[in-house]
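So you can see what is in the structure, the chains are spelled out below.
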Amino acid sequence: MAKRYWLFKNEPDCFSIDDLVKAPDQTAEWEGVRNYQARNFLRDEVKKGDEVFFYHSNANPPGIVGVCKVVRDGYPDPTALDPESRYYDPKSTSDDPRWYMVDVQLTRKLSDIIPLSTLKAAPGLESMMVTQKGSRLSIQPVTADEWRTIMKLVRRM
DNA sequence: GCCAACGTTGGC
DNA sequence: GCCAACGTTGGC
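Predicted, not measured: the structure shown is a model, and the values here were computed from it.

**Quick word on the overall build of chain A**
Then step 1. Across its full length, chain A holds 4 helices and 6 strands.
Then step 2. Compactness check: chain A gives a C-alpha radius of gyration of 15 Å against a globular reference of 15 Å for 157 residues, within 12% of the reference.
Then step 3. Dimensions of chain A along its principal axes, counting C-alpha atoms only, are 45 × 30 × 30 Å.
Then step 4. Sorting the 157 residues of chain A into buried and exposed places 46% on the buried side.
Then step 5. Of the accessible surface of chain A, which amounts to about 8,600 Å², a share of 46% is contributed by carbon and sulfur atoms.
Then step 6. In chain A, the 23 positive side-chain charges and the 23 negative ones have mean positions that sit 6 Å from each other.

If you want it as structure tokens, here you go:
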């Protein structure tokens, strides 16, 4: 299976690129995804070795702030079973886990954010999911062309 | 804080 | 299975 590319969104108030920088081994569990379409990606399609843009949503400005790598395939998200967790879901059980997550490791934090406005203006990213109006999915596939286009912006920084 | 877009729930 | 009501996301 060829390596694939993704964009993972997070609100920096919740878990930011700096939290990943500070994490042990600069590795974190991408927990708390509670959307079925995103869940299906995490469970079935996001694989170890895939590369990921770390995106800050609900931020000023929103945009891509880092690059990371998937280091563990999808597995059941234990926070769904923890009544103390903000991600607790009483309908999920250990026999029939409803929610999945992967582990990611930092590759690099960008020296500057690539704002959403830059992505929207960049030739070649017109049909990228994150540049579309109303795009709410928190786990988004990125095409190899889109990945290359954005990495060119990264190298220019 | 506003509000458009989207997802989920639940009555029927 | 439809769809109105409601809740959430996320840019601005």
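**What to know about the protein's contact with DNA strand B**
Then step 1. Near DNA strand B the following residues occur: Asn 35, Tyr 36, Lys 91, Lys 133, Gly 134 and Arg 136.
Then step 2. Sugar plus phosphate: this is where 67% of the atoms of DNA strand B within 4 Å of the protein reside.
Then step 3. Lys 133 places a polar side-chain atom, nitrogen or oxygen, 2.9 Å from a phosphate oxygen of DNA strand B.
Then step 4. Per-class residue counts for the surface near DNA strand B are 1 nonpolar, 2 polar and 3 charged.

**Comments concerning the sheet that holds strand S4 (residues 63-76)**
Then step 1. Strand order in the open sheet made by the 6 strands is S2-S5-S4-S3-S1-S6, with mixed pairing throughout. Of all the strands in the sheet, the pair left with one neighbour each is strand S2 (27-29) and strand S6 (139-142). Between one strand and the next, the sheet's axes are offset by a mean angle of 35°, whatever the strand orientation.
Then step 2. Helix H2 (residues 36-45) contacts strand S1 (5-10), S4, strand S5 (100-115) and S6 of the sheet and is inclined by roughly 110° relative to S5.

**Overview of the environment of Trp 6**
Then step 1. Its place among the elements puts Trp 6 in strand S1.
Then step 2. In this structure, the C-alpha to C-alpha distance between Trp 6 and Arg 155, residues 149 residues apart in sequence, is 19 Å.
Then step 3. Here the side chain of Trp 6 touches Asp 50 through a polar contact of 2.9 Å, side chain to side chain.

**A word on the pattern of salt bridges**
Then step 1. For the structure on display, the rule yields 7 salt bridges.
Then step 2. With a closest N to O distance of 2.8 Å, Lys 109 and Asp 18 form a salt bridge. One end of the pair, Lys 109, is in strand S5; the other, Asp 18, is in helix H1 (residues 17-22), and 91 residues separate them in sequence.
Then step 3. A relative accessible area of 42% places Lys 109 in the partly exposed class.
Then step 4. A salt bridge links Asp 145 to Arg 148; the nearest nitrogen and oxygen atoms lie 2.4 Å apart. Pair noted here: Asp 145 and Arg 148 are both in helix H4 (residues 144-155), with a separation of 3 residues, about one helical turn.

About the thresholds
- Residues numbered from 1 in each chain as written.
- Chains lettered and ligands numbered in written order.
- Predicted model: local features only at pLDDT ≥ 70, side-chain atom pairs only at ≥ 80, totals over all residues.
- Heavy atoms only, no water.
- Helix = DSSP H or I, 4+ residues; strand = E, 2+ residues; numbered from the N terminus.
- Rg over C-alpha atoms; globule rule 2.2 N^0.38 Å.
- Buried < 20%, exposed > 50% of the residue type's maximum accessible area, 1.4 Å probe, protein only.
- Areas by Shrake-Rupley, 256 points an atom, 1.4 Å probe, with all protein chains shown as cover.
- Lys, Arg positive; Asp, Glu negative; His and termini not counted.
- Charge placed at Lys NZ, Arg CZ, Asp CG, Glu CD.
- Near = heavy atom within 4 Å.
- Polar contact = N/O pair within 3.5 Å; in protein donor to acceptor, adjacent residues only side chain to side chain.
- Nonpolar A, V, L, I, M, F, W, Y, C, P; charged D, E, K, R; others polar.
- Pairing = 2+ DSSP bridges.
- Axes fitted to C-alpha atoms, helices over the stretch in contact; angles between N-to-C directions.
- Contact = heavy atoms within 4.5 Å.
- Salt bridge = Lys/Arg side-chain N within 4 Å of Asp/Glu carboxyl O.

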